[in-house]
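One letter stands for each residue in the lines below.
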Amino acid sequence: MDGEKFNWKGRLGPMELLVSGATFTPSTITTIMAKDLTINSGESVIDVGCGSGILSIIAAKLGAGSVIGIDQSPDVVDVGNYNAEKLGVADRIRFYQGDLFSPIPEDLKVDVIIGDVSGIPDTLANYTGWFPSGKGGGTRGCELPIRMLTDAAAHLKSGGRIYLPTGTLQDENKILEAARSMYRNVDMLAERKIPFPNEFAESDVARELIESGTISIASRGTRYLWIGRAWLISEPY
Ligand SMILES: C[S@@+](CC[C@H](N)C(=O)[O-])C[C@H]1O[C@@H](n2cnc3c(N)ncnc32)[C@H](O)[C@@H]1O
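First things first, this report covers the structure right here in the doc. (Residues numbered from 1 in each chain as written. Predicted model: local features only at pLDDT ≥ 70, side-chain atom pairs only at ≥ 80, totals over all residues. Heavy atoms only, no water.)

Some points on the pairing of strand β10 (residues 223–236)
Okay, so step 1: Bridge count between strand β7 (residues 156–167) and β10: seven bridges; the pairing is antiparallel. When the bridges of β10 are listed, Ile162 appears paired with Ile233.
Okay, so step 2: Here 11 bridges tie strand β8 (residues 183–195) to β10, and the two strands are oriented antiparallel to one another. Directly across from Val186, in β10, lies its bridge partner Ile233.
Okay, so step 3: Following strand β9 (residues 218–220), the chain reverses through two residues before pairing antiparallel with β10; Gly221 in that reversal takes a positive phi of roughly 60 degrees. (Pairing = 2+ DSSP bridges. Helix = DSSP H or I, 4+ residues; strand = E, 2+ residues; numbered from the N terminus.)

Quick look at the structure:
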(Lines give C-alpha, C1' and ligand atoms only; values in the text may rest on other atoms or scores of the structure.)
Protein backbone atom coordinates (compact mmCIF):
# COMPACT_ATOMS: atom_id res chain seq x y z
CA MET A 1 0.00 0.00 0.00
CA ASP A 2 1.17 3.53 -0.73
CA GLY A 3 1.67 5.91 2.16
CA GLU A 4 4.13 7.00 4.78
CA LYS A 5 5.29 5.12 7.84
CA PHE A 6 4.51 6.63 11.21
CA ASN A 7 6.26 5.40 14.33
CA TRP A 8 3.74 5.31 17.19
CA LYS A 9 5.57 5.79 20.49
CA GLY A 10 2.52 5.99 22.78
CA ARG A 11 0.82 3.21 24.73
CA LEU A 12 1.84 -0.33 23.68
CA GLY A 13 4.36 1.23 21.26
CA PRO A 14 6.60 1.31 19.44
CA MET A 15 4.39 0.32 16.52
CA GLU A 16 4.92 1.14 12.88
CA LEU A 17 1.75 2.40 11.18
CA LEU A 18 0.93 3.28 7.61
CA VAL A 19 -0.74 6.65 7.01
CA SER A 20 -1.87 7.62 3.52
CA GLY A 21 -2.35 11.11 2.13
CA ALA A 22 -5.99 10.90 3.26
CA THR A 23 -5.28 9.51 6.75
CA PHE A 24 -5.02 11.54 9.96
CA THR A 25 -1.58 11.20 11.54
CA PRO A 26 -1.84 10.32 15.26
CA SER A 27 -1.43 13.39 17.49
CA THR A 28 -0.85 14.36 21.12
CA ILE A 29 -4.59 13.88 21.69
CA THR A 30 -4.30 10.33 20.35
CA THR A 31 -1.53 9.71 22.90
CA ILE A 32 -3.69 11.06 25.73
CA MET A 33 -6.70 8.99 24.63
CA ALA A 34 -4.62 5.81 24.34
CA LYS A 35 -3.06 6.29 27.77
CA ASP A 36 -6.40 6.49 29.56
CA LEU A 37 -8.28 3.85 27.63
CA THR A 38 -9.54 0.91 29.70
CA ILE A 39 -10.75 -2.15 27.79
CA ASN A 40 -11.87 -5.23 29.70
CA SER A 41 -11.35 -8.65 28.21
CA GLY A 42 -13.90 -9.48 25.51
CA GLU A 43 -15.54 -6.04 25.37
CA SER A 44 -17.01 -4.75 22.11
CA VAL A 45 -15.76 -1.39 20.83
CA ILE A 46 -16.64 1.21 18.18
CA ASP A 47 -13.80 3.61 17.31
CA VAL A 48 -15.51 6.39 15.40
CA GLY A 49 -13.09 8.74 13.65
CA CYS A 50 -10.50 5.95 13.69
CA GLY A 51 -8.02 7.48 11.20
CA SER A 52 -5.12 5.05 10.78
CA GLY A 53 -6.87 2.65 13.18
CA ILE A 54 -4.37 3.25 15.98
CA LEU A 55 -6.93 3.37 18.83
CA SER A 56 -8.83 0.38 17.36
CA ILE A 57 -5.58 -1.57 17.31
CA ILE A 58 -4.72 -0.59 20.89
CA ALA A 59 -8.26 -1.57 22.00
CA ALA A 60 -7.81 -4.99 20.34
CA LYS A 61 -4.38 -5.45 21.91
CA LEU A 62 -5.85 -4.55 25.33
CA GLY A 63 -8.27 -7.46 24.95
CA ALA A 64 -11.37 -6.24 23.09
CA GLY A 65 -13.39 -9.13 21.65
CA SER A 66 -14.46 -7.10 18.62
CA VAL A 67 -13.70 -3.62 17.31
CA ILE A 68 -15.40 -1.59 14.60
CA GLY A 69 -13.35 1.31 13.21
CA ILE A 70 -15.22 3.97 11.21
CA ASP A 71 -13.86 7.00 9.41
CA GLN A 72 -14.94 9.25 6.58
CA SER A 73 -11.51 8.97 4.95
CA PRO A 74 -11.91 7.36 1.51
CA ASP A 75 -9.23 4.69 2.10
CA VAL A 76 -9.83 3.93 5.79
CA VAL A 77 -10.70 0.28 5.03
CA ASP A 78 -7.44 -0.36 3.13
CA VAL A 79 -5.24 1.59 5.55
CA GLY A 80 -6.92 0.19 8.67
CA ASN A 81 -6.79 -3.41 7.44
CA TYR A 82 -3.15 -3.04 6.43
CA ASN A 83 -2.20 -1.72 9.88
CA ALA A 84 -4.32 -4.26 11.78
CA GLU A 85 -2.83 -7.14 9.78
CA LYS A 86 0.75 -5.93 10.26
CA LEU A 87 0.13 -5.58 13.98
CA GLY A 88 -1.55 -8.97 14.38
CA VAL A 89 -5.11 -7.95 15.35
CA ALA A 90 -6.98 -8.07 12.02
CA ASP A 91 -9.10 -11.01 13.20
CA ARG A 92 -10.94 -8.76 15.69
CA ILE A 93 -11.27 -5.45 13.83
CA ARG A 94 -13.54 -4.41 10.94
CA PHE A 95 -13.15 -1.04 9.29
CA TYR A 96 -15.93 0.89 7.55
CA GLN A 97 -15.94 4.10 5.56
CA GLY A 98 -18.70 6.62 6.21
CA ASP A 99 -20.23 9.35 8.33
CA LEU A 100 -20.22 8.65 12.07
CA PHE A 101 -22.33 5.53 12.83
CA SER A 102 -24.08 5.40 9.45
CA PRO A 103 -22.16 2.34 8.11
CA ILE A 104 -23.34 0.06 10.96
CA PRO A 105 -26.82 -1.31 11.81
CA GLU A 106 -28.97 1.09 13.84
CA ASP A 107 -29.47 -1.48 16.59
CA LEU A 108 -25.82 -2.47 17.01
CA LYS A 109 -24.73 -1.77 20.60
CA VAL A 110 -21.26 -2.01 22.16
CA ASP A 111 -19.56 -1.69 25.54
CA VAL A 112 -17.18 1.10 24.56
CA ILE A 113 -17.29 3.97 22.05
CA ILE A 114 -14.08 5.83 21.34
CA GLY A 115 -15.37 9.10 19.91
CA ASP A 116 -12.32 10.90 18.53
CA VAL A 117 -13.88 12.65 15.54
CA SER A 118 -12.48 15.90 14.14
CA GLY A 119 -13.09 18.77 16.52
CA ILE A 120 -11.33 21.98 15.70
CA PRO A 121 -13.05 24.79 13.80
CA ASP A 122 -13.09 24.26 10.03
CA THR A 123 -11.13 27.47 9.36
CA LEU A 124 -8.36 26.35 11.74
CA ALA A 125 -8.32 22.82 10.29
CA ASN A 126 -7.94 24.30 6.84
CA TYR A 127 -5.22 26.73 7.93
CA THR A 128 -3.09 24.27 9.95
CA GLY A 129 -3.41 21.43 7.45
CA TRP A 130 -3.77 19.02 10.39
CA PHE A 131 -6.68 17.23 8.73
CA PRO A 132 -6.11 15.72 5.28
CA SER A 133 -9.75 16.48 4.37
CA GLY A 134 -9.12 20.16 5.24
CA LYS A 135 -12.27 20.01 7.39
CA GLY A 136 -12.58 20.17 11.16
CA GLY A 137 -15.59 19.62 13.35
CA GLY A 138 -17.78 22.48 12.13
CA THR A 139 -17.68 26.28 12.36
CA ARG A 140 -16.91 26.24 16.10
CA GLY A 141 -15.33 22.76 16.20
CA CYS A 142 -18.11 21.49 18.45
CA GLU A 143 -20.81 20.61 15.92
CA LEU A 144 -19.42 17.22 14.83
CA PRO A 145 -18.49 16.00 18.35
CA ILE A 146 -22.00 16.97 19.55
CA ARG A 147 -23.59 15.08 16.66
CA MET A 148 -21.38 12.10 17.53
CA LEU A 149 -22.45 12.23 21.22
CA THR A 150 -26.10 12.51 20.20
CA ASP A 151 -25.94 9.45 17.93
CA ALA A 152 -23.65 7.43 20.23
CA ALA A 153 -26.28 6.88 22.91
CA ALA A 154 -28.22 4.50 20.63
CA HIS A 155 -25.09 2.37 20.15
CA LEU A 156 -24.17 1.94 23.83
CA LYS A 157 -25.08 -1.19 25.74
CA SER A 158 -26.51 -0.67 29.20
CA GLY A 159 -23.49 0.19 31.39
CA GLY A 160 -21.45 1.16 28.35
CA ARG A 161 -19.06 4.11 28.17
CA ILE A 162 -17.67 6.71 25.77
CA TYR A 163 -14.13 8.10 25.63
CA LEU A 164 -14.17 11.66 24.28
CA PRO A 165 -11.37 14.17 23.70
CA THR A 166 -11.98 17.91 23.93
CA GLY A 167 -9.75 20.95 24.04
CA THR A 168 -9.51 24.71 24.07
CA LEU A 169 -8.97 24.73 20.29
CA GLN A 170 -12.73 24.26 19.88
CA ASP A 171 -15.89 25.47 21.61
CA GLU A 172 -15.30 22.98 24.39
CA ASN A 173 -17.95 24.40 26.72
CA LYS A 174 -20.70 23.73 24.18
CA ILE A 175 -19.57 20.11 23.85
CA LEU A 176 -19.49 19.59 27.62
CA GLU A 177 -22.86 21.32 28.05
CA ALA A 178 -24.35 19.01 25.41
CA ALA A 179 -22.66 15.95 26.95
CA ARG A 180 -24.06 16.79 30.41
CA SER A 181 -27.54 17.27 28.98
CA MET A 182 -27.45 13.82 27.36
CA TYR A 183 -25.41 11.70 29.82
CA ARG A 184 -25.54 11.41 33.62
CA ASN A 185 -21.75 10.93 34.05
CA VAL A 186 -19.18 13.19 32.36
CA ASP A 187 -15.85 12.81 34.15
CA MET A 188 -12.45 14.18 33.19
CA LEU A 189 -9.71 11.57 32.91
CA ALA A 190 -6.75 13.66 31.82
CA GLU A 191 -5.68 17.20 31.00
CA ARG A 192 -2.53 18.32 29.25
CA LYS A 193 -1.00 21.59 28.06
CA ILE A 194 0.03 21.26 24.43
CA PRO A 195 2.28 23.67 22.48
CA PHE A 196 0.54 25.58 19.69
CA PRO A 197 2.95 26.72 16.97
CA ASN A 198 3.48 30.50 16.93
CA GLU A 199 2.69 30.75 13.20
CA PHE A 200 -0.81 29.39 13.90
CA ALA A 201 -1.36 31.21 17.22
CA GLU A 202 -0.48 34.58 15.68
CA SER A 203 -2.56 34.09 12.51
CA ASP A 204 -5.69 36.07 11.58
CA VAL A 205 -7.63 32.80 11.63
CA ALA A 206 -6.75 32.15 15.30
CA ARG A 207 -7.33 35.82 16.26
CA GLU A 208 -10.86 35.73 14.83
CA LEU A 209 -11.65 32.49 16.64
CA ILE A 210 -10.31 33.89 19.93
CA GLU A 211 -12.29 37.12 19.50
CA SER A 212 -15.50 35.19 18.84
CA GLY A 213 -14.91 33.14 22.01
CA THR A 214 -14.60 29.89 20.04
CA ILE A 215 -11.05 28.90 21.07
CA SER A 216 -8.65 29.98 23.79
CA ILE A 217 -4.87 29.88 23.83
CA ALA A 218 -2.54 30.76 26.71
CA SER A 219 0.81 32.42 26.19
CA ARG A 220 3.85 31.60 28.24
CA GLY A 221 6.77 33.85 27.37
CA THR A 222 7.12 33.61 23.62
CA ARG A 223 5.25 30.29 23.43
CA TYR A 224 1.57 29.45 23.09
CA LEU A 225 -0.28 26.57 24.69
CA TRP A 226 -3.72 25.02 24.41
CA ILE A 227 -5.25 22.43 26.71
CA GLY A 228 -6.37 18.98 25.60
CA ARG A 229 -8.63 16.85 27.79
CA ALA A 230 -9.95 13.27 27.79
CA TRP A 231 -13.39 12.45 29.22
CA LEU A 232 -15.22 9.33 30.32
CA ILE A 233 -18.96 9.55 29.64
CA SER A 234 -21.70 7.10 30.55
CA GLU A 235 -25.40 6.58 31.37
CA PRO A 236 -27.44 8.32 28.69
CA TYR A 237 -30.67 9.83 30.06
C1 LIG B 1 -8.64 13.87 15.31
S2 LIG B 1 -8.70 12.66 14.05
C3 LIG B 1 -8.46 11.21 15.04
C4 LIG B 1 -8.04 9.97 14.28
C5 LIG B 1 -7.59 8.82 15.16
N6 LIG B 1 -8.57 8.50 16.16
C7 LIG B 1 -6.27 9.15 15.79
O8 LIG B 1 -6.26 9.48 16.98
O9 LIG B 1 -5.27 9.09 15.10
C10 LIG B 1 -10.41 12.65 13.67
C11 LIG B 1 -10.82 11.67 12.60
O12 LIG B 1 -12.24 11.82 12.41
C13 LIG B 1 -12.50 11.58 11.06
N14 LIG B 1 -13.81 12.15 10.74
C15 LIG B 1 -14.12 13.45 10.52
N16 LIG B 1 -15.43 13.58 10.26
C17 LIG B 1 -15.97 12.35 10.34
C18 LIG B 1 -17.29 11.85 10.19
N19 LIG B 1 -18.32 12.66 9.92
N20 LIG B 1 -17.49 10.53 10.34
C21 LIG B 1 -16.46 9.70 10.61
N22 LIG B 1 -15.18 10.12 10.76
C23 LIG B 1 -14.94 11.43 10.65
C24 LIG B 1 -11.34 12.22 10.32
O25 LIG B 1 -11.21 11.71 9.01
C26 LIG B 1 -10.17 11.87 11.24
O27 LIG B 1 -9.54 10.69 10.86
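Considering the site of the ligand
Okay, so step 1: Around the ligand, the structure places 19 residues, and the nearest of them are Thr30, Gly49, Asp71, Asp99 and Leu100.
Okay, so step 2: Gln72 is positioned such that a nitrogen or oxygen atom in its backbone is 3.3 Å from a nitrogen atom of the ligand.
Okay, so step 3: Between a nitrogen atom of the ligand and a main-chain N or O atom of Leu100, the distance comes to 2.8 Å.
Okay, so step 4: Computed on the free molecule, the ligand has an accessible area of 600 Å², of which 94% lies beneath the protein chains in the complex.
Okay, so step 5: Residues belonging to the shell around the ligand are distributed by class as follows: nine nonpolar, seven polar and three charged. (Near = heavy atom within 4 Å. Polar contact = N/O pair within 3.5 Å; in protein donor to acceptor, adjacent residues only side chain to side chain. Areas by Shrake-Rupley, 256 points an atom, 1.4 Å probe, with all protein chains shown as cover. Nonpolar A, V, L, I, M, F, W, Y, C, P; charged D, E, K, R; others polar.)

A short note on the packing of helix α5 (residues 143–152) against helix α6 (residues 172–182)
Okay, so step 1: Between α5 and α6, the least distance of the axes is 9 Å, while the angle of their chain directions is 10 degrees. Considering their axes alone, α5 and α6 lie roughly parallel with respect to each other. Along its contact with α5, which presents Pro145, Ile146, Leu149 and Thr150, the element α6 presents Lys174, Ile175, Ala178, Ala179 and Met182. (Axes fitted to C-alpha atoms, helices over the stretch in contact; angles between N-to-C directions. Parallel < 35°, antiparallel > 145°, perpendicular 65-115°, else oblique. Contact = heavy atoms within 4.5 Å.)

What about the pairing of strand β3 (residues 44–48)?
Okay, so step 1: Burial runs high along β3: five of the five residues are buried.
Okay, so step 2: Burial along β3 is two-sided: the face carrying Ser44, Ile46 and Val48 and the face carrying Val45 and Asp47 are both buried.
Okay, so step 3: As paired strands, β3 and strand β4 (residues 66–71) are joined by five bridges and run parallel to one another. Residue pairing for β4: Val48 is matched across the bridge by Ile70.
Okay, so step 4: For the crossover that starts at β3, traverses helix α2 (residues 54–61) and ends in the parallel β4, the hand is right-handed.
Okay, so step 5: Across four bridges, β3 lies against strand β6 (residues 110–115) in parallel orientation. The residue of β6 that forms the bridge with Val45 is Val112. (Buried < 20%, exposed > 50% of the residue type's maximum accessible area, 1.4 Å probe, protein only. Right-handed = clockwise from strand over helix to strand, strands pointing away.)

With respect to the environment of Glu43
Okay, so step 1: Of note, Glu43 is situated in the loop between α1 (28–35) and β3.
Okay, so step 2: Here the alpha-carbon distance between Glu43 and Gly160, two residues 117 residues apart in the chain, equals 9.8 Å.
Okay, so step 3: Aside from chain neighbours lying at most four places away, what touches Glu43 is Thr38, Gly63, Ala64, Gly65, Ser66, Asp111, Val112 and Arg161.
Okay, so step 4: At 2.8 Å, the side chain of Glu43 and the side chain of Arg161 are in polar contact.

Re the nonpolar core
Okay, so step 1: Counting residues in hydrophobic clusters, the biggest one holds 44 residues, and the most contacted among them are Val45, Ala59, Ile93, Ile114 and Leu124.
Okay, so step 2: For this core, the leading source of residues is α2, giving six residues.
Okay, so step 3: Beyond its immediate stretch of four places on either side in the chain, Leu124 contacts Leu169, Phe196, Val205, Leu209 and Ile215.
Okay, so step 4: Core analysis: the second largest hydrophobic core is formed by 27 residues, Ile70, Val117, Ala152 and Ala179 among them. (Core = buried A, V, L, I, M, F, W, Y, C linked by side-chain atoms within 4.5 Å.)

With respect to α2
Okay, so step 1: A large share of α2 lies buried, amounting to seven of its eight residues.
Okay, so step 2: Those residues of α2 that fall on the buried side of the exposure criterion are Ile54, Leu55, Ser56, Ile57, Ile58, Ala59 and Ala60.
Okay, so step 3: Downstream of α2 by a residue or two, Gly63 has a phi angle that is positive, lying close to 120 degrees.

Note that all results are geometric; they support no functional claim without further evidence.
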